[in-house]
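Coordinates in review
So the chains spell out like this:
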Amino acid sequence: MAFKVILVLCLLVFFNTSDLLAENITEGSEWAQDAMKRWQDYGILNGTSYGTLAPSDELNKVQAITILNRINNVEIETNHDESRFKDVESFRWYYKEVEKAIATGLIEGDSEGKINPKETLTREIGFSMIAKLFNISYLGTDSENYLKEYFKNDYNEIGNWSKDAIAWLLELGYIEG
């Protein structure tokens, strides 16, 4: 499990990938070539519709969902002709990936019935999805005080919905402030 967690964190935090077997890595991204090739070999990354990998591009929610589904080897059939979210049309390439993520509890919609699929993935959202993927919550007794002590200056910027996930990743040493 530790290997999967580290791999996921590398994908979501250290490398920003573009849309999700690309033969070319975009210019200026040679630094990521070896890692990207390994992830392609594992079947985790495919590349953009132009046949390239662009690790310096921002990662959006559906790209992250697709990566996490592949890491977790999620394969399900969907019987829905229509998306459960207002902003995920059933003809989009990511429709089935979103359905898989719903089925495994990886994502939930917002109060308006949306997931904002093209929104840039924040570390906070990424960390929360990782915690859900591994079905792990904070190991300590008080994530609130732990985070207040660790993030003295920007604690109030952390959403309540993500505090346990961030505390868990901090406590295990996978992330630093």
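I will try to describe carefully the structure that is included in this document. (Residues numbered from 1 in each chain as written. Predicted model: local features only at pLDDT ≥ 70, side-chain atom pairs only at ≥ 80, totals over all residues. Heavy atoms only, no water.)

Description of the overall build of the protein
Stated formally: A helix here means a DSSP run of H or I that spans at least four residues, while a strand means a run of E at least two residues long, and both kinds are numbered starting from the N terminus. When a residue's accessible area, from a 1.4 Å probe over protein chains only, is under 20% of the maximum for its type it is buried; when over 50% it is exposed; and in between it is partly exposed.
A tally of regular secondary structure across the protein gives seven helices and two strands. Among the 177 residues that make up the protein, the fraction classed as buried is 46%.

Some thoughts on the packing of aromatic side chains
Note the following rule: Any two of the Phe, Tyr and Trp rings considered here, Trp counted by its six-membered ring, make a pair once their centres fall within 6.5 Å; the pair's planes then place it as stacked at under 30 degrees, edge-to-face at over 60, or tilted in between.
Counted by the stated rule, this structure contains three aromatic pairs. Taking 6.3 Å as the distance between ring centres and 50° as the angle between the ring planes, the aromatic pair formed by tryptophan 168 and tyrosine 174 counts as tilted.

So, the nonpolar core
Note the following rule: Here the nonpolar core consists of buried residues drawn from Ala, Val, Leu, Ile, Met, Phe, Trp, Tyr and Cys, with membership extended through side-chain atoms lying within 4.5 Å. The contact criterion used throughout is that any non-hydrogen atoms of two residues lie within 4.5 Å.
Counting residues in hydrophobic clusters, the biggest one holds 44 residues, and the most contacted among them are Val98, Ile107, Met129 and Ile166. Looking at this core, the elements with two or more residues in it are helix H2 (33-41), helix H3 (61-71), helix H4 (95-103), helix H5 (123-133) and helix H7 (163-171). The contact partners of isoleucine 166, leaving out residues within four places of it in the chain, are Glu124, Phe127, Leu147, Phe151, Ile158 and Ile175.

A few points about the side chain of aspartate 87
We count it as follows: Two residue types count as positive, namely Lys and Arg, and two as negative, namely Asp and Glu; His and chain ends fall outside the count. Salt bridge, as used here: a side-chain nitrogen of Lys or Arg that lies within 4 Å of a carboxyl oxygen of Asp or Glu. As used in this structure description, the phrase polar contact means that two N or O atoms lie within 3.5 Å; if the pair is within protein, one of them must be able to donate a hydrogen and the other to accept it, and residues adjacent in sequence are counted only when both atoms belong to side chains.
Tracing the sequence through the fold places aspartate 87 in the loop between H3 and H4. Although aspartate 87 is buried, it makes no salt bridge; lysine 114 carries the closest opposite charge, 6.0 Å away. A polar side-chain atom of aspartate 87 sits 2.6 Å from the main-chain amide nitrogen of asparagine 116. In contact with aspartate 87, not counting residues within four places along its chain, are Tyr94, Gly113, Lys114, Ile115, Asn116 and Pro117.

Looking at H4
Of all nine residues in H4, seven are buried; the element is thus mostly enclosed. Count one or two residues on from H4 and you reach glycine 105, which has phi positive near 80°.

A word on H3
Within H3, ten of the eleven residues are buried, which leaves the element mostly enclosed by the surrounding structure. For H3, the full list of buried residues reads Lys61, Val62, Gln63, Ala64, Ile65, Thr66, Ile67, Leu68, Asn69 and Ile71. Measuring from the side-chain oxygen of the N-cap residue of H3 to the backbone nitrogen of valine 62 gives 3.2 Å; that N-cap residue is asparagine 60. Positive phi appears at asparagine 73, one or two residues downstream of H3, with a value of about 55°.

A few points about the pattern of salt bridges
A side chain of one charge can pair with a side chain of the opposite charge if their charged atoms are brought near each other. The full count for this structure, using the stated rule, is six salt bridges. Linking glutamate 97 and lysine 100 is a salt bridge whose minimum nitrogen-to-oxygen distance equals 3.4 Å. Pair noted here: glutamate 97 and lysine 100 are both in helix H4, with a separation of three residues, about one helical turn. Notably, a salt bridge pairs glutamate 108 with lysine 132, separated by 4.0 Å at the nearest N-O pair. On the criterion of sequence distance, the pair formed by glutamate 108 in the loop between H4 and H5 and lysine 132 in helix H5 is long-range, its members being 24 residues apart.

Some thoughts on the packing of H3 against H4
Defined as follows: In this analysis an axis means a line fitted to C-alpha atoms, helices contributing only their contacting stretch, and an angle means the value between N-to-C directions, from 0 to 180 degrees. It is the rotation of the near helix from the far one that decides the hand of a crossing: anticlockwise by less than a right angle makes it left-handed, clockwise makes it right-handed. For this classification, Asp, Glu, Lys and Arg are treated as charged, while Ala, Val, Leu, Ile, Met, Phe, Trp, Tyr, Cys and Pro are nonpolar and the rest, including Gly, are polar.
At a minimum axis distance of 9 Å, the contact between H3 and H4 shows a crossing angle of 65°. Regarding H3 and H4, the two cross each other, and that crossing is left-handed. Together, Val62, Ile65, Thr66 and Asn69 of H3 and Glu97, Val98, Lys100 and Ala101 of H4 make up the contact between the two elements. Class assignment for the residues of the contact of H3 with H4 results in four nonpolar, two polar and two charged.

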